[in-house]
Amino acid sequence: MQESYYELTISVSSHHELFSDFLADTIPVGFEETENGFIVRSEDDLQTIAWGVEQFAQALSKALSLNIECECKQQKLKASDWVKEYQQSIKPIEIDKFYIHPTWDEPSTEHINIEIDPALAFGTGHHPTTASSLRAISKYVKENDRVIDVGSGSGILGVGAIKLGASVDACDTDPVSVENTLENAKLNGVEFNRVWEGSCSLANDQYDVVVANIVADVLTFIAKDLKAALKDSGVLILSGILDKYEDKVIKYYKDMKVVQRIAQEEWVTIVLQKENA
Ligand SMILES: C[S@@+](CC[C@H](N)C(=O)[O-])C[C@H]1O[C@@H](n2cnc3c(N)ncnc32)[C@H](O)[C@@H]1O
């Protein structure tokens, strides 16, 4: 990593969108949009870009017969180790039976450890929806259970269930998440029974525990599939629900009984069973 980098701050008095299009079309690096302009950062000197932006502002002012003010200021800044700073911000977290720790931290001797590489994907256990799903898994998943993690993301929930002795399938509509699920399983020295790209409509089994930490709307769209994947005695864990949408989601599961509700911040996780279970 270089010891310093250049930061170009561009302020424009109007026509923000046209400047944004110009930058997107002409500069080889990304940029940040601010309230009155843009910030460009690069390890290379950005004077040429500053010159180009000023020329564009002049041409635009002329074409529109307006006075569009544009100021470009470049500074050379000392680079800090962003990766290290980010890593230090991710702390291990204890969730009931589980201890979720980044690869660079020591495991616990008293918990079931889940190792995570936060560079991989969503799902470090720090988000309330993941944390409360893990609480529910900790309580309801038993040894030899068949479990499916629908919307597996990093695979953290499925990995937790495998470590409790379950045989676990996982699926996600996002191919990158599918890869991350497999990578995190490897990192934790465990194996999923089956992992696929897509949703639980492609499951060819019924499960003792179905867990889906997705958003409220999706939980309503796939309600039928989630219920079909559940054994009669099974437990369905729904998470990713903002409390304001809880009633809306529950309407799609009114043939089931709520056996537990876990609220954390503005999020709720609902645990359901079939009425006759
Ligand atoms: C909020 S993340 C949860 C990740 C992980 N299970 C956790 O608890 O941290 C939701 C995941 O659901 C996936 N997803 C969205 N819609 C889906 C669907 N219909 N079926 C399966 N997965 C879906 C997304 O790609 C995303 O990876």
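Residues numbered from 1 in each chain as written. Predicted model: local features only at pLDDT ≥ 70, side-chain atom pairs only at ≥ 80, totals over all residues. Heavy atoms only, no water.

### Considering the side chain of S154
Now for step 1: Within the secondary structure layout, S154 lies in the loop between β8 (146-150) and α5 (156-163).
Now for step 2: Exposure remark for S154: the relative accessible area of 3% places this residue in the buried category.
Now for step 3: Polar contacts involving the side chain of S154 include one to the main-chain amide nitrogen of I156, which spans 3.3 Å. (Helix = DSSP H or I, 4+ residues; strand = E, 2+ residues; numbered from the N terminus. Buried < 20%, exposed > 50% of the residue type's maximum accessible area, 1.4 Å probe, protein only. Polar contact = N/O pair within 3.5 Å; in protein donor to acceptor, adjacent residues only side chain to side chain.)

### Some details on the UniProt feature "binding site: S-adenosyl-L-methionine" (unreviewed entry) in the protein chain
Now for step 1: In this structure's numbering, the residues bearing the UniProt feature "binding site: S-adenosyl-L-methionine" (unreviewed entry) are T130, G151, D172 and N213.
Now for step 2: Tracing the chain through its elements places T130 in helix α4 (residues 128-140).
Now for step 3: On the basis of relative accessibility, which here comes to 21%, the residue G151 falls in the partly exposed class.
Now for step 4: With residues up to four places along the chain from it excluded, the contact list for G151 reads C171, D172, N213 and I214. (UniProt positions renumbered as here; feature names shortened; annotations may be inferred. Contact = heavy atoms within 4.5 Å.)

### As for the sheet that holds strand β9 (residues 167-172)
Now for step 1: What the seven strands build is an open sheet, ordered β10-β9-β8-β11-β12-β14-β13; its pairing is mixed. The open sheet has two edge strands, β10 (194-197) and β13 (256-264), and neither has a second partner. For this sheet the average axis-to-axis angle between neighbouring strands, irrespective of direction, equals 15 degrees.
Now for step 2: The pairing of strand β12 (residues 230-242) with strand β14 (residues 267-274) spans six bridges and is classified as antiparallel. Paired with I237 across the strands is V271, a residue of β14. (Pairing = 2+ DSSP bridges. Axes fitted to C-alpha atoms, helices over the stretch in contact; angles between N-to-C directions.)

### With respect to the pattern of salt bridges
Side chains bearing opposite charge may pair, as long as their charged atoms lie close to each other.
Now for step 1: According to the stated counting rule, one finds 10 salt bridges in the structure shown.
Now for step 2: Two residues, R135 and D96, come together in a salt bridge whose shortest N-O distance is 3.0 Å. Of this pair, R135 sits in helix α4 while D96 sits in the loop between β5 (93-95) and β6 (98-102); the two residues are 39 residues apart in sequence, bridging distant segments of the chain.
Now for step 3: A salt bridge links E246 to R261, with the shortest nitrogen-to-oxygen separation between them at 2.8 Å. Residue E246 is found in helix α9 (residues 246-251), and its partner R261 is found in strand β13; the two are separated by 15 residues along the sequence. (Salt bridge = Lys/Arg side-chain N within 4 Å of Asp/Glu carboxyl O.)

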